[in-house]
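This is what each chain is made of:
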Amino acid sequence: NKSGQPATNCWVWCPVGSVAAIKAVTKFTAAKPVNDCHFYFFGVPARSSKINFTLRGNGQTAVLFSQRIMRFNAKMVDAGNALIIGENTYIGGGELSLGRTTVTVAAGGLWSDGVLLQGTDSHGIIDIDSMKIINNVPKYITLKRRVWLGRGASVLKNVTIEEGSIVGAAALVAKDVPKACAVAGVPAKIIKERVTWTQRRSVILDEEKQQILRLRAEMKLEAASAPPRRSVESASLHKDDAKPHRR
């Protein structure tokens, strides 16, 4: 912490012998006095990583498993934010804004650069009838396994992106995204279903193939157990049948 602000009962846990490597890629800045902030590194991020935490509240927690390149700035405002990043996640460049927010990034994620996770409104929203602030509540952003965020993509608070999905460049994700979908646009909409991605342009890696086959099997089971959907044509026929016939 180079800001000079006091940090009480704040510590970093990392594997034995990795302190120097963690310090080389991680920076902590306390914008005001903070207490009880804990950071866990279960692996050492790649040497070209650049991880910055800005703390403006007590009780901040981050748990990082990935040993790949991670370049991001995490601003943790208000108390009790949590950031979890799963193993084998690559972050080319990200801005994370947390305010009473839990951000969960599952294993195998891929982010391009210029990605924004906006987990807070940053300012209060007032109901003018009750004169109460209505958005000072816990929030979340959840990215399931193997989510790919394209260049300049933004994800807003209280959004879950399910496993294997793709977010196009400059898309703005304001609502949940189902499994194995590609979304794009502002706001983001589904442009393709039953698709996922690979890190190589012309070959599927063996470990990716196993995960994709598992995902496909899970989706097949989910589809088989789901109640049948009534088609629009069928619904309209039933509606017409209910009308009395004219003579």
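See the structure shown above.
This report concerns the structure included in the present document. (Residues numbered from 1 in each chain as written. Predicted model: local features only at pLDDT ≥ 70, side-chain atom pairs only at ≥ 80, totals over all residues. Heavy atoms only, no water.)

1. Section: unusual backbone geometry
Negative phi values dominate among residues other than glycine, just as trans dominates among peptide bonds.
Then, in step 1: Of note, the bond from Val186 into Pro187 is cis; its omega dihedral lies within 30 degrees of zero at -10°.
Then, in step 2: A positive phi angle, near 70°, is found at Asp78, a position not held by glycine.
Then, in step 3: Its location among the elements puts Asp78 in the loop between β8 (70-77) and β9 (82-85).
Then, in step 4: Judged by relative accessible area, which is 38%, Asp78 ranks as partly exposed.
Then, in step 5: Phi angles above zero are rare outside glycine, and Arg146 is one such case at about 55°.
Then, in step 6: Along the polypeptide, Arg146 turns up in the loop between β16 (139-143) and β17 (148-149).
Then, in step 7: With a relative accessible area of 6%, Arg146 lands in the buried category. (Helix = DSSP H or I, 4+ residues; strand = E, 2+ residues; numbered from the N terminus. Buried < 20%, exposed > 50% of the residue type's maximum accessible area, 1.4 Å probe, protein only.)

2. Focus on the sheet that holds strand β7 (residues 61-64)
Then, in step 1: Strand order in the open sheet made by the seven strands is β2-β5-β7-β9-β11-β16-β19, with parallel pairing throughout. Two strands close off the open sheet at either side, each with one partner strand: β2 (11-13) and β19 (159-161). Looking at each pair of strands side by side, their axes are set apart by 5° on average, direction ignored.
Then, in step 2: As defined by bridge partners, β16 adjoins β19 across three bridges and the pair is classed as parallel. From the neighbouring strand, Leu143 faces β19, where its bridge partner is Ile161. (Pairing = 2+ DSSP bridges. Axes fitted to C-alpha atoms, helices over the stretch in contact; angles between N-to-C directions.)

3. Topic: helix α2 (residues 206-225)
Then, in step 1: With 20 residues, α2 ought to run about 28 Å at 1.5 Å a step, and its terminal C-alpha atoms sit 29 Å apart, in line with that.
Then, in step 2: When α2 is considered as a whole, its buried residues turn out to be Glu208, Leu215 and Met219. For α2, the angular spread of the buried residues around the axis is 35°, confining them to a single face. Facing away from the buried surface of α2 by more than 90 degrees, the exposed residues are Asp206, Gln210, Lys220, Leu221, Ala224 and Ser225. (Expected span 1.5 Å × (residues − 1). Arc of directions from axis to C-beta.)

4. Side note on the pattern of salt bridges
Then, in step 1: Inspection of every chain in the model, using the stated rule, returns eight salt bridges.
Then, in step 2: In this structure, the salt-bridge partner of Asp113 is Arg151, at a minimum N-O distance of 2.6 Å. With a gap of 38 residues between them, Asp113 in the loop between β12 (110-111) and β13 (115-119) and Arg151 in the loop between β17 and β18 (154-156) connect regions that are remote in the sequence.
Then, in step 3: With a closest N to O distance of 3.1 Å, Lys144 and Glu162 form a salt bridge. Linking Lys144 in the loop between β16 and β17 with Glu162 in the loop between β19 and β20 (166-167), this pair joins segments that are 18 residues apart in sequence. (Salt bridge = Lys/Arg side-chain N within 4 Å of Asp/Glu carboxyl O.)

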